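Coordinates in review
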Amino acid sequence: MSSATTNARGHESVSEAVRVEHSDDGVSPSRAVVEAVSDAAGVEPVDLADEAGIVLYEHVDLDALDTLVASHPEVDLDVSLSVAGYAVSVDATAAVVQPSR
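Throughout, a residue's number is its position along its own chain's written sequence, starting from 1. In view of the model being predicted, local features appear only for residues whose pLDDT reaches at least 70, and side-chain atom pairs are presented and counted only at 80 or more, with totals across whole chains, interfaces and linings using the full set of residues. With hydrogens and water excluded, all non-hydrogen atoms of the structure serve as input to the side-chain values.

**Points about the environment of Thr93**
Runs of H or I in DSSP of at least four residues are treated as helices and runs of E of at least two as strands, each being numbered from the N terminus. Among the structural elements, Thr93 can be located in the loop between strand E5 (86-91) and strand E6 (94-99). Look at Thr93 and you get partly exposed, because its relative accessible area is 39%. Separated by 24 residues in the primary sequence, Thr93 and Val69 have C-alpha atoms spaced 9.2 Å apart. When near neighbours in sequence (up to four residues on either side) are disregarded, Thr93 contacts Arg19, Glu21 and His22. The buried label applies to any residue whose accessible area, calculated with a 1.4 Å probe on protein chains only, is under 20% of its type's maximum; exposed applies above 50%, and partly exposed to all values in between. In what follows, residue pairs with any heavy atoms lying within 4.5 Å of each other are defined as contacts.

What follows is the structure in structure tokens.
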């Protein structure tokens, strides 16, 4: 049985996975990905490239991700990708990041 913990930024972590919720009136899907990947890497979002060597635009077009998720709110959408050793999944409500197995 896995237990959930909440980090200093209020993001939920279950075992090794980090889940960051997004919404139409708050955090965008792309921002949720940035925050989840940085949490998983153990760095602040602004330090993701410098400290973890992860440049998200090399892996995904974040503007296109926001447009895709926003344009399909009624669809059971799940976008999956691999980012620098992490499995990233984005659905209609959250981004979930965990180390690739």
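Still to come is the rest of the account.
**Quick notes on the packing of helix H1 (residues 29-41) against helix H3 (residues 62-70)**
The angle between two axes is taken between their N-to-C directions and runs from 0 to 180 degrees, where each axis is a line fitted to C-alpha atoms and a helix contributes only its stretch in contact. Interhelical geometry of H1 versus H3 gives an angle of 125° and a closest axis separation of 7 Å. For the element pair H1 / H3, the angle class is oblique. Between H1, through Pro29, Ser30, Val33 and Val34, and H3, the contact on the second element is made entirely by Leu62, Leu65, Asp66 and Val69. As a working rule, the residues Ala, Val, Leu, Ile, Met, Phe, Trp, Tyr, Cys and Pro are called nonpolar, Asp, Glu, Lys and Arg charged, and the rest polar, with Gly in that last group. Here the contact of H1 with H3 is composed, by residue class, of six nonpolar, one polar and one charged. Every angle not falling under 35 degrees, over 145, or within 65 to 115 is termed oblique; those three ranges are roughly parallel, roughly antiparallel and roughly perpendicular.

**Digging into the pairing of E6**
A regular strand places its side chains so that they alternate between the two faces of the sheet. Here, strands pair whenever DSSP counts at least two bridges between them. Two elements, strand E3 (residues 17-21) and E6, share four bridges in a ladder whose sense is antiparallel. For Glu21, the partnering residue across the bridge sits in E6 and is Ala94. Relative to E6, E5 runs antiparallel, the two being bridged by five bridges. Each bridged residue has a counterpart across the sheet, and for Val88 the counterpart in E6 is Val97.

**Overview of the nonpolar core**
If you look at the biggest cluster of nonpolar residues, it comprises 24 residues, and the most contacted ones within it are Val33, Val37, Ile54, Leu56, Val88 and Val90. Taken together, the elements giving at least two residues each to this core come down to E3, H1, H3, strand E4 (78-83), E5 and E6. A total of five residues in this core trace back to one element, the largest contributor, which is H1. The residues touching Val90, leaving out its near neighbours within four places in the chain, are His22, Pro29, Val33, Leu65, Val69, Leu77, Asp78, Val79 and Ala95. The definition of a nonpolar core used throughout is a set of buried Ala, Val, Leu, Ile, Met, Phe, Trp, Tyr and Cys residues joined through side-chain atoms within 4.5 Å.

**Some points on the layout of surface pockets**
Where empty space is left becomes clear once a probe the size of a water molecule has been rolled over the atoms. Estimated volume of the largest pocket: approximately 200 Å³. A 1.4 Å probe that fits but cannot get out identifies a cavity on a 1 Å grid over protein atoms alone, an open set with protein on both sides within 12 Å along at least five of seven lines counts as a pocket, and a residue lines either if it has an atom within 4 Å of a point. The wall of the largest pocket is formed by His22, Ser23, Asp24, Pro29, Asp66, Val69, Ala70, His72, Pro73 and Ala92. Considering each element in turn, the lining of the largest pocket owes the most residues, three residues, to H3. Along the lines of polarity and charge, the residues of the lining of the largest pocket split into five nonpolar, three polar and two charged. Grid points are joined across faces, edges and corners, and a volume is the space filled by probe spheres set on the points.

**Here's the deal with H3**
Restricting attention to buried positions, one finds in H3 the residues Leu62, Leu65, Asp66 and Val69. Viewed along the axis of H3, the buried residues span an arc of 100°, placing them on a single side of the element. Seen from the open side of H3, the exposed residues pointing more than 90 degrees away from its buried face are Asp63 and Thr67. On its buried face, H3 sits against H1, E4 and E5. Throughout this description, a polar contact denotes any pair of N or O atoms lying within 3.5 Å of each other; where both atoms belong to protein, one of them has to be capable of donating a hydrogen while the other can accept it, and for residues adjacent in sequence the pair is counted only when both atoms sit in side chains. You can read the cap of H3 off the contacts: a side-chain oxygen lies 3.1 Å from the backbone nitrogen of Asp63, and it is on Asp61. Summarising the geometry, the arc corresponds to the directions from the helix axis toward the C-beta atoms.

The values reported here are purely geometric and, on their own, carry no functional implication.
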